[in-house]
Amino acid sequence: MFRLDGKIALVTGAATGIGQAIAVALAASGADIAIADRNAESLADTESLVVAQGRRVFKTMIDVRIIEQIEWGVPEIEKHFGPIDILVNNAGINRPAPADRATVEEWDDHFNTNVRGGFFLAQAVASGMRTRGWGRIIFISSQSGLVGIPGQPIYCATKGAVIQLVRTLGLEWAKDGVTVNSIAPTFVETNLTRQRLSDPAFRSFVIGKIPKGTLAEPGQIGAAAVYLASEEAAMVNCETHRVDGGWTAW
Ligand SMILES: NC(=O)c1ccc[n+]([C@@H]2O[C@H](COP(=O)([O-])OP(=O)(O)OC[C@H]3O[C@@H](n4cnc5c(N)ncnc54)[C@H](O)[C@@H]3O)[C@@H](O)[C@H]2O)c1
């Protein structure tokens, strides 16, 4: 079960953290992986990890905020590597600022990265998936799209938008064999969160909110992506799969 042999996946924001773990998990399950990030050099470690799984890898630069790079990057991957069966919209940013200090620039950068980029990537891969009658589109949303977290209103709004997007895209493309889902992790220690989690007060607030009492691990998000990408998950659509140790249940 959950084999992805013969499939090609594109993972954005694959240089580090959760994106890297997802690329490795999909490769370990048999998929060949196109990895994208803001600059191609940053992808060297992920490239080696995918190759170590015995899979083919294709590195490309896509800054998801730049529509021209999406319009150029997706056909480039499909021409040189093969048709994209699985898209993981993982690229994301979170620069916390309370509402009274939030700026228009920060609003636009967060929405352009976390929402607009993923939407237009989904649009770019969906036509081929629908023609072929099979596709999996997975967004990395967040528990921050399901509950409020003080100090990061813009980030929470972007992730709520992602959760609504997967519901609607999944409805539009379901008949053509394409599912659209998201994964909503709790806190994972990565470059995105390391500095905040190094503050003992913040760390104990976070751990205190997670009934399991531990942070999530990148590989646990990778495992959820493998499931959602699999044939066995064909009836899972428009769903947000929580990997939050119970945070959002109370
Ligand atoms: N770490 C957590 O606690 C956590 C929790 C819930 C959800 N998430 C989500 O998981 C995803 C990955 O986060 P992470 O923790 O691995 O962060 P990270 O900062 O370690 O990695 C994010 C990656 O995305 C890339 N990226 C950022 N902006 C980009 C852009 N415009 N175009 C292309 N690539 C871009 C970065 O270069 C980086 O490689 C994000 O969408 C994030 O919101 C993270």
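Refer to the structure presented above.
S.K.: Whenever I open this one, the pattern of salt bridges confuses me. Can you help?
M.R.: Where charged atoms from two side chains of opposite charge approach closely, those side chains can pair. Throughout the structure, instances matching the rule amount to ten salt bridges. When the shortest N-O distance is used, the salt bridge between R56 and D32 registers 3.2 Å. Linking R56 in the loop between α2 (44-52) and β3 (57-61) with D32 in strand β2 (residues 32-37), this pair joins segments that are 24 residues apart in sequence. R56 gets classed as partly exposed once you look at its relative accessible area, which sits at 40%. We note a salt bridge from R130 to D176, for which the minimum N-O separation is 2.7 Å.

S.K.: Would you mind showing me how to read a nonpolar patch on the surface here?
M.R.: A surface patch of nonpolar side chains, amounting to about 320 Å² of accessible area, comprises M1, F2 and Y227. With respect to the element layout, F2 can be found in the segment before β1 (8-12).

S.K.: Would you mind showing me how to read the site of the ligand here?
M.R.: Around the ligand, a shell composed of 29 residues is seen, among which D37, N90, Y155, V188 and T190 lie nearest. Within the contact set of the ligand, an oxygen atom lies 2.5 Å away from a side-chain nitrogen or oxygen of T190. Of the pockets mapped on this structure, the ligand occupies the largest pocket. For the shell around the ligand, the secondary-structure elements that each account for two or more residues are α1 (17-28) and α5 (153-173).

S.K.: I keep staring at the pairing of strand β5 (residues 135-140) and nothing clicks. Help me out?
M.R.: Residues in a regular strand point their side chains to alternate faces of the sheet. With six of its six residues buried, β5 lies for the most part within the structure. Of the two faces of β5, both are covered, the one formed by G135, I137 and F139 as well as the one formed by R136, I138 and I140. Regarding the hand of the β-α-β motif, the stretch spanning strand β4 (residues 86-89), helix α4 (residues 104-132) and β5 is right-handed. Pairing geometry for β5 and strand β6 (residues 178-185), over six bridges, is parallel. Directly across from I140, in β6, lies its bridge partner I183.

S.K.: How should I be thinking about the packing of aromatic side chains in this particular structure?
M.R.: In this description, an aromatic ring pair is defined by two values, namely the gap between the centres and the angle between the planes. Overall, the coordinates contain eight aromatic pairs when judged by the stated rule. With 5.7 Å between their ring centres and 85° between their planes, F2 and Y227 make a pair best called edge-to-face. Remark: Y227 occurs in helix α8 (residues 218-229) and F2 occurs in the segment before β1; sequence separation between them is 225 residues. Judged by its relative accessible area of 31%, F2 falls in the partly exposed class. An aromatic cluster is defined as three or more aromatic residues linked by ring pairs; in this entry it consists of F187, F202, F205 and W247. Against the face of W134 rests K7, its NZ or CZ located 3.8 Å from the ring centre. Over the face of the ring belonging to F81 we find R56, whose NZ or CZ atom lies 4.3 Å from the ring centre.

Cut-offs used in this document
- Here, residues in each chain are numbered from 1, in the same order as that chain's written sequence.
- Only residues with pLDDT of at least 70 are given local features in this predicted model, and only at 80 or more are side-chain atom pairs given and counted; all residues enter the totals for whole chains, interfaces and linings.
- Each side-chain value is worked out from all heavy atoms of the structure, with water and hydrogens disregarded.
- Here a salt bridge means any side-chain nitrogen of Lys or Arg lying within 4 Å of a carboxyl oxygen belonging to Asp or Glu.
- Going along the chain from the N terminus, every DSSP run of H or I of four or more residues is numbered as a helix, and every run of E of two or more is numbered as a strand.
- Note on classification: 1.4 Å probe, protein chains only; a residue is buried when its accessible area is under 20% of the maximum for its type, exposed when over 50%, partly exposed between these limits.
- For patch detection, residues must exceed 30% relative accessible area and be free of salt bridges, and they are connected within 9 Å for like charges or within 5 Å for nonpolar side chains (Val, Leu, Ile, Met, Phe, Trp, Tyr).
- To be clear on the numbers: accessible area is Shrake-Rupley with a 1.4 Å probe, and residue cover counts the displayed protein chains and nothing else.
- Note on terminology: near, applied to a residue and a molecule or strand, indicates that one of the residue's heavy atoms is within 4 Å of it.
- Polar contact criterion, stated in full: a pair of N or O atoms within 3.5 Å, where within protein one must be able to donate a hydrogen and the other to accept it, and residues adjacent in sequence count only if both atoms are side-chain atoms.
- Cavities and pockets were defined on a 1 Å grid built over protein atoms only: a cavity is a set of grid points that admits a 1.4 Å probe from which the probe cannot escape, a pocket is an open set flanked by protein on both sides within 12 Å along at least five of seven lines, and lining residues are those with an atom within 4 Å of any such point.
- A molecule is said to be in a cavity or pocket once over half of its atoms fall within 2 Å of that pocket's grid points.
- Classification remark: right-handed applies to a crossover when, strands pointing away from the viewer, the course from the first strand over the helix to the second runs clockwise.
- Any two strands with at least two DSSP bridges between them are considered paired.
- When two rings of Phe, Tyr or Trp (its six-membered ring) have centres within 6.5 Å they constitute a pair, described as stacked for plane angles under 30 degrees, edge-to-face for angles over 60, and tilted for the intermediate range.
- Two conditions define a charge located above a ring, namely a distance within 6 Å from the ring centre to NZ of Lys or CZ of Arg, and an angle within 35 degrees of the ring normal.

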